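Examination of the molecular architecture
Given next are the chains, with one letter for each unit.
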Amino acid sequence: MRKIGLIGGMSWLSTRTYYEHINKLVQARAGQRHSAPMLIESLDFEGMARLSGSDEWAHAAEVLSASAQRLEAAGATALLIGANSMHKVYDQVAARVGVPIIHIAECVAARMAADGVKKAALIGTRNVMTESFYRQKLIARDIELLPPEMQFVDTLDRIIYDELLLGKATRQSERELKTILTNLDQDGAEAVVLGCTELEMVVDVDANVLPVYDCTRIHAEAAVDWIMGEG
């Protein structure tokens, strides 16, 4: 099996989810006594949440690039950035290492295209929902995306940053997500992309009004394809 590196800590809850998904998938494919050969660098998320200005994003790119270089030097043959929002600096980070970085949105887009999804909604943090860096990967696969509704953007940003990243999953947030997904269904979405790892804390991925594409599960599956020599 090939060793993979994970840039984590954004948040540590997300990193835990990646570790669990990847190891369960390796066990399923290789046998119950196997575990994933992984290198994990858990960064301090303080100072990298709710970034806005170009200087802040440039700093984030430097932090992630340095992490990627350390993981490559330690023997990782491919890398994951364990946060949807941080894929805004994917190109800068990828340019600083010689090993591939598996892009989360490309994995999700490929899965949706294979399933024949033509119209979808994307939910996540404000920058994931409103900026082009994530959305363009889906659009490139001829998947039409509903425009972000600012009411939903504000609600989701608050739930993610003020609750989920702190490990809180309230019944009120679960109800608000159900309302959002019901509205997206009524707006014509055929599926919804969970563009934030922590959203699975308040969204039932396997039983919902719409098919839910869990970005973290799909990203983890692509990671295991690589580990097993299939990617």
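Residues numbered from 1 in each chain as written. Predicted model: local features only at pLDDT ≥ 70, side-chain atom pairs only at ≥ 80, totals over all residues. Heavy atoms only, no water.

Rules: UniProt positions are given in the numbering used here, feature names are shortened, and annotations may be inferred rather than shown by experiment.
Identification of the protein as Racemase from Novosphingobium arvoryzae is taken from an unreviewed UniProt entry. Database annotation for the protein, UniProt heading Sequence similarities (unreviewed entry): "Belongs to the aspartate/glutamate racemases family."

**Some remarks on the sheet that holds strand S1 (residues 4–8)**
To keep things clear, this is the line we draw: Strands qualify as paired when DSSP identifies two bridges or more between them. Each helix is a run of H or I in the DSSP string that is no shorter than four residues. Each strand is a run of E no shorter than two, and both are numbered from the N terminus. The contact criterion used throughout is that any non-hydrogen atoms of two residues lie within 4.5 Å. Simply put, an axis is a line fit to the C-alpha atoms, just over the touching stretch for a helix, and the angle between two N-to-C directions goes from 0 to 180 degrees.
In space, the 4 strands of this open sheet follow the order S2-S1-S3-S4, with parallel pairing throughout. Edge positions in the open sheet fall to strand S2 (38–42) and strand S4 (101–102), since each of these has one partner strand only. Where S1 lies against strand S3 (residues 78–81), 4 bridges are found, and the strand directions are parallel. Its bridge partner lying in S3, Leu6 is registered against Leu80. Across the sheet, helix H1 (residues 12–30) is in contact with S1, S2 and S3; its angle to S2 comes to roughly 170°.

**Concerning the environment of Leu177**
For clarity, the threshold we go by: Each residue is placed in one exposure class: buried if its accessible area under a 1.4 Å probe, protein chains only, is under 20% of its type's maximum, exposed if it is over 50%, and partly exposed if it falls in between.
Counting through the fold element by element, Leu177 comes out in helix H8 (residues 171–186). Note on Leu177: relative accessible area 1%, which makes it buried. In this structure the C-alpha to C-alpha distance between Leu177 and Ser42, which are 135 residues apart in sequence, comes to 29 Å. Those residues in contact with Leu177 that lie beyond four places of it in its chain are Ile123, Leu156, Ile159, Leu199, Val202 and Val203.

**Some details on the packing of helix H4 (residues 104–114) against helix H6 (residues 132–139)**
To keep it simple, the criterion reads: Each angle gets one of four labels, with under 35 degrees taken as roughly parallel, over 145 as roughly antiparallel, 65 to 115 as roughly perpendicular, and the rest as oblique. The crossing is said to be left-handed when, going from far helix to near helix, the turn is anticlockwise and less than a right angle, and right-handed when the turn is clockwise. By the convention adopted, Pro, Cys, Tyr, Trp, Phe, Met, Ile, Leu, Val and Ala count as nonpolar, Lys, Arg, Asp and Glu as charged, and the other residues, Gly among them, as polar.
One can describe the packing of H4 onto H6 by two numbers: an axis separation of 8 Å at closest approach and a directional angle of 30°. One finds that H4 runs roughly parallel with respect to H6. You can see that H4 and H6 cross each other, and the crossing is right-handed. On H6, the residues that touch Ile104, Ala105, Glu106, Val108, Ala109 and Met112 of H4 are Tyr134, Lys137 and Leu138. In terms of residue class, the contact of H4 with H6 is built from 7 nonpolar, no polar and 2 charged.

**A short note on the pattern of salt bridges**
Rule in force here: Basic side-chain nitrogens of Lys or Arg form a salt bridge, by our definition, when they fall within 4 Å of a carboxyl oxygen of Asp or Glu.
Applying the stated rule across the entire model yields 14 salt bridges. A salt bridge links Glu106 to Lys137; its shortest N-O distance comes to 3.0 Å. Note that Glu106 is positioned in helix H4 and Lys137 in helix H6, a separation of 31 residues in sequence. For Lys137, a relative accessible area of 23% translates into the label partly exposed. Here Glu176 ties to Arg158 by a salt bridge, and the two come within 2.9 Å at their closest N and O atoms.

**Some thoughts on the packing of aromatic side chains**
What counts, and what does not: Here the aromatic set is Phe, Tyr and Trp, taking the six-membered ring for Trp, and pairing holds for ring centres within 6.5 Å; pairs whose planes are under 30 degrees apart are stacked, those over 60 apart are edge-to-face, and all others are tilted. Only when the NZ of Lys or the CZ of Arg is both within 6 Å of the ring centre and within 35 degrees of the ring normal is a charge said to sit over the ring.
Inspection of every chain in the model, using the stated rule, returns 1 aromatic pair. Geometrically, the ring pair formed by Phe133 and Tyr134 is edge-to-face, given 6.5 Å between the ring centres and 85° between the ring planes. Pair check on accessibility: Phe133 and Tyr134 agree, each one buried. Directly above the aromatic system of Trp226 lies the positively charged group of Arg2, at a separation of 3.7 Å from the ring centroid.

**Some words on the nonpolar core**
Which entries qualify depends on this criterion: Grouping buried Ala, Val, Leu, Ile, Met, Phe, Trp, Tyr and Cys residues that are joined through side-chain atoms within 4.5 Å yields what is termed a nonpolar core.
Among the nonpolar cores identified, the biggest contains 49 residues, and Met10, Leu64, Met86, Ile123, Leu184 and Leu199 are the most heavily contacted of them. Put simply, the parts of the chain that give this core at least two residues each are helix H2 (54–73), S3, helix H3 (90–94), strand S5 (119–124), helix H7 (150–162), H8 and strand S7 (191–195). The next biggest cluster of nonpolar side chains, apart from the first, holds 36 residues, and it includes Leu6, Tyr18, Tyr213 and Ala220.

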